[in-house]
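Chain by chain, the residues run as shown.
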Number of protein chains: 2
Amino acid sequence: MEMAEITNNSIDAIYAGMLSPDVFEHQMHAAPGIPDYLGMKNTPSTRLEAACASGGLAIMHGIIGIASGLYDTVLSVGAEKMTNLPTAHVTEALAMCADDIYEVSSGITFPGAFAMMARAHEREFGTNAEMRASVAVKNHKHAVDNELAQFRKEITIDKAINSLMIADPLRLYDCSPITDGAAAVILVPWDKAKNYSGPKVKIRAFAQASDTMSLHDRPELTGFMTTKVAARKTFEMAKLTPKDIDFAEVHDCFTIAEIMAIEDMGFFEKGKGGSVTLDGETARDGHFPVNNSGGLKAKGHPIGATGVSQVVETFKQLSGIAGKRQLDDVSLGMTQNLGGSGSTIVCHILERGD
Amino acid sequence: MEMAEITNNSIDAIYAGMLSPDVFEHQMHAAPGIPDYLGMKNTPSTRLEAACASGGLAIMHGIIGIASGLYDTVLSVGAEKMTNLPTAHVTEALAMCADDIYEVSSGITFPGAFAMMARAHEREFGTNAEMRASVAVKNHKHAVDNELAQFRKEITIDKAINSLMIADPLRLYDCSPITDGAAAVILVPWDKAKNYSGPKVKIRAFAQASDTMSLHDRPELTGFMTTKVAARKTFEMAKLTPKDIDFAEVHDCFTIAEIMAIEDMGFFEKGKGGSVTLDGETARDGHFPVNNSGGLKAKGHPIGATGVSQVVETFKQLSGIAGKRQLDDVSLGMTQNLGGSGSTIVCHILERGD
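Residues numbered from 1 in each chain as written. Chains lettered and ligands numbered in written order. Predicted model: local features only at pLDDT ≥ 70, side-chain atom pairs only at ≥ 80, totals over all residues.

## Quick notes on the overall build of chain A
We apply this condition: Secondary structure is summarised from DSSP: a helix means a run of H or I of at least four residues, a strand means a run of E of at least two, and numbering begins at the N terminus for each. Atoms counted for the radius of gyration: C-alpha only. Globule rule: 2.2 Å times the number of residues to the power 0.38. Each residue is classified by how many other C-beta atoms fall within 10 Å of its C-beta atom, where C-beta atoms are placed from the backbone; a count of 20 or more means buried, 12 or fewer means exposed, and values in between mean partly exposed.
Each helix and strand counted, chain A has 12 helices and 10 strands in total. The C-alpha radius of gyration computed for chain A amounts to 19 Å, which stays within 12% of the reference 20 Å derived for 354 residues, consistent with globular compactness. Counting only C-alpha atoms, chain A reaches 55 × 45 × 35 Å along its principal axes. Relative to its 354 residues, chain A shows a buried fraction of 59%.

Here it is as structure tokens:
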């Protein structure tokens, strides 16, 4: 709001992505707390939950609110405060986002679910530990230049592939951390953006897709149908193809998730996500930078905030205000935000505003 | 979907109001479960949470989705399964919807919060136990003719004012029950409604408002600013006044809440809500029927379902399919759905479709 020089009175509605203020903070119905603590009077504030894709929905439904004509100015925010709970409790809480009846009851948590995907991807495409580790090494390196990142230290392939085993074959450095954080954007119709200060970018397209709760109901474990569907719909709305996009922020909750995302979105051939990462193609100086922010792995993964944060990073890159991690000559960026075991995916394409 | 003779393929999106599938069912990220269990492929499904107003938001944001042009056909659903937990756990879970820092930490739960409002209303306007009980007596009587109601038995004023004290001055029959339930509607643009079977009504207007989390930050305890603001905005959008409305379904989580609602919405003078109820003005045969369905008190209050259920009841009345509880000659009905201690209010006005 300070960047846009926008005041409380100009905000028509708030959309808030939060996974579970119930479980993490003992504060259900947290959305009205936002206008309350900002000193706004009676501004409608709506909480959206789609597991780790809650933030993506806060952006998308803010756009829909404006497109409907009901609102001119929306504050879309994502937030999560996770460190109140011990780590094991957080893992158990997050597991509730998987299928409770068939999966959680068998003792599986998300590291286990994504470990099965990593195994399937390795068996089918040869995506090995070193390739997975290369995602973490790249994202840690990227985060060194992100002053808001949780971990600003480089790691090596050797360190990653010898770190603590979490859920075979995923090790500590294959997993994103537990994080407190928040992110926010102001959304307005493009023709009214000139009324506000600061840089502006266009949201060119977006889409949301759902899939089955349980993994056993899906035809494959090596990718997400939801990513494919949401990405295809987003490209259709934007009238663009993967080749048009300059960079992406994708949901690397586990290293294998980034590998599957860049394949399923169409940026790389299916099965090649691991090897292209190892080859440096998705590094900041590669031909298609992915998670230049540090991603969930190193920037951190405060659940509800993540989808909003991806859009904030894309906004900064397209506005040329990304500081030391600024990419040269970028005009189109894409985000992919994943909820649960990929049961929800939300994608956005943003375009440089000038 | 059977009533409208609509198939899975025609549903563009699902909006689901659920308070906390996390706490009640150990299943966070429950929204994708709806298209999954309905056998729909990849249909976006979004959960909205606004405490007991979650269902109202599922309707309202479904409308916004259609108004945006993104969707033609929306399934708005509300659901809650509350009886998995012991009663005391439910009360504690619901209390998380009040202000956790200042209120819940002091030991207050919702019966206590609404008891303070009942005390304030009694002190200022003389709204006594008999008047409060008359809300429950009326709503129990109404529910006898609702085949989907939780309690289909009449009670007396005498029984109500001598029932178990819950939070002084509120007694057992001043409180709505713990309920399992669900409700759903199909939303389409009016010009496409003719493509589907069954009766249709128009949603003429809607609004949402927020207020402070804690009661101590508000200027008064005898009504909700949010109800006043949301009702005023709804009337403005509809270009109608309270005099134009024929009946209402309002949020009687406690008897005092119905009394305050019919005042704050403008149907009765402030302070008269109790006496007009005792006088029978809001009974089925009164001049302005309120909670002809039985209300939360007797129809039941499955949290996320309630706001959708209010719209379903209004739809049935305006379509002439309400059976034994059908009101004569009604063309405009209004709903008021309350979340938390009134920190969220959602109102809708529906109009007969012919």
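Alright, that's what it looks like, and here's the rest.
## Concerning the relation of the copies chain B and chain A
The following threshold applies: Here the copies were fitted onto each other by least squares, based on C-alpha atoms from residues at pLDDT of at least 70 in both. By definition, residues are in contact whenever their C-beta atoms, placed on the basis of the backbone, come within 7 Å of each other.
Rotating chain B by 180° and moving it 0.0 Å along the rotation axis overlays it on chain A with an RMSD of 0.0 Å. Taken together, the rotation and translation relating the two chain copies correspond to the operation of a two-fold axis. Relative to the rotation axis, the C-alpha of Ser-68 of chain B is the closest in chain B, positioned 1.8 Å from it. Both copies contact each other with a shared surface, as 100% of the interface residues of chain B are interface residues in chain A too.

## Observations concerning the packing of helix α3 (residues 54–67) of chain A against helix α12 (residues 303–319) of chain A
Residue and element names in this part refer to chain A. Threshold: To obtain an axis, a line is fitted to C-alpha atoms, over the contacting stretch when the element is a helix, and the angle between two such axes runs from 0 to 180 degrees between their N-to-C directions. Each angle receives one of four descriptions, namely roughly parallel if under 35 degrees, roughly antiparallel if over 145, roughly perpendicular if within 65 to 115, and oblique otherwise.
Remark: α3 packs on α12, axes separated minimally by 5 Å, with the N-to-C direction vectors making an angle of 55°. Overall, the two elements α3 and α12 adopt an arrangement that is oblique. Contact residues: Ser-54, Gly-55, Gly-56, Ala-58 and Ile-59 in α3; Ile-303, Gly-304, Ala-305, Thr-306, Gly-307, Val-308, Ser-309 and Val-311 in α12.

## Details of the domain arrangement of chain A
Residue and element names in this part refer to chain A. Selection rule: In this entry, domain limits derive from an automatic or database-based domain assignment. Note on residue categories: nonpolar means Ala, Val, Leu, Ile, Met, Phe, Trp, Tyr, Cys or Pro, charged means Asp, Glu, Lys or Arg, and polar means any other residue, Gly included.
What the domain assignment reports for chain A is domain 1 (8–84 + 181–199) and domain 2 (108–175 + 202–352). Computed over C-alpha atoms, the centres of domain 1 and domain 2 are 24 Å apart. At the junction of the two partners, domain 1 supplies 28 residues and domain 2 supplies 28 residues. Of all elements in the fold, only α3, β3 (74–81) and β6 (180–187) reach the threshold of two or more residues within the side of domain 1 that touches domain 2. Sort the elements by how many residues they give to the side of domain 1 that touches domain 2 and α3 lands first, with 8 residues. Within the side of domain 1 that touches domain 2, the residues separate by chemical class into 20 nonpolar, 7 polar and 1 charged.

## Quick notes on the nonpolar core
Just so we agree on the cut-off: Nonpolar cores are identified as sets of buried Ala, Val, Leu, Ile, Met, Phe, Trp, Tyr and Cys residues joined via C-beta atoms within 7 Å.
In this structure, Phe-114 and Val-308 of chain A together with Phe-114 and Val-308 of chain B are the most contacted members of the largest nonpolar core, which totals 204 residues. Residue contacts for Phe-114 of chain A: discarding those within four places in its chain leaves Leu-170, Phe-254, Ile-256 and Ala-257 of chain A.

## A closer look at the sheet that holds strand β7 (residues 201–210) of chain B
Residue and element names in this part refer to chain B. Under the convention used in this document: Two strands pair under a simple rule: DSSP has to find at least two bridges between them.
Ordered by their spatial adjacency, 4 strands build an open sheet running β7-β10-β9-β8, and the pairing between neighbours is mixed. Bordering the open sheet on either side are β7 and β8 (247–249), each of which pairs with just one other strand. Across the sheet, the mean angle separating the axes of adjacent strands is 20° when strand polarity is ignored. Examined bridge by bridge, strand β9 (residues 332–339) and strand β10 (residues 344–352) share 8 bridges and lie antiparallel to one another. Bridging across to β10, Met-334 finds its partner in Ile-349.

## Notes on the interface of chain B and chain A
The interface of chain B with chain A comprises 48 residues on the first partner and 48 residues on the second. For the side of chain B that touches chain A, the residue count by class is 20 nonpolar, 21 polar and 7 charged. Judged from the 3 bridges that link them, strand β2 (residues 45–49) of chain A and strand β2 (residues 45–49) of chain B form a sheet pairing that is antiparallel. Across the sheet, residue Arg-47 of chain A finds its bridge partner in β2 of chain B, namely Glu-49 of chain B.

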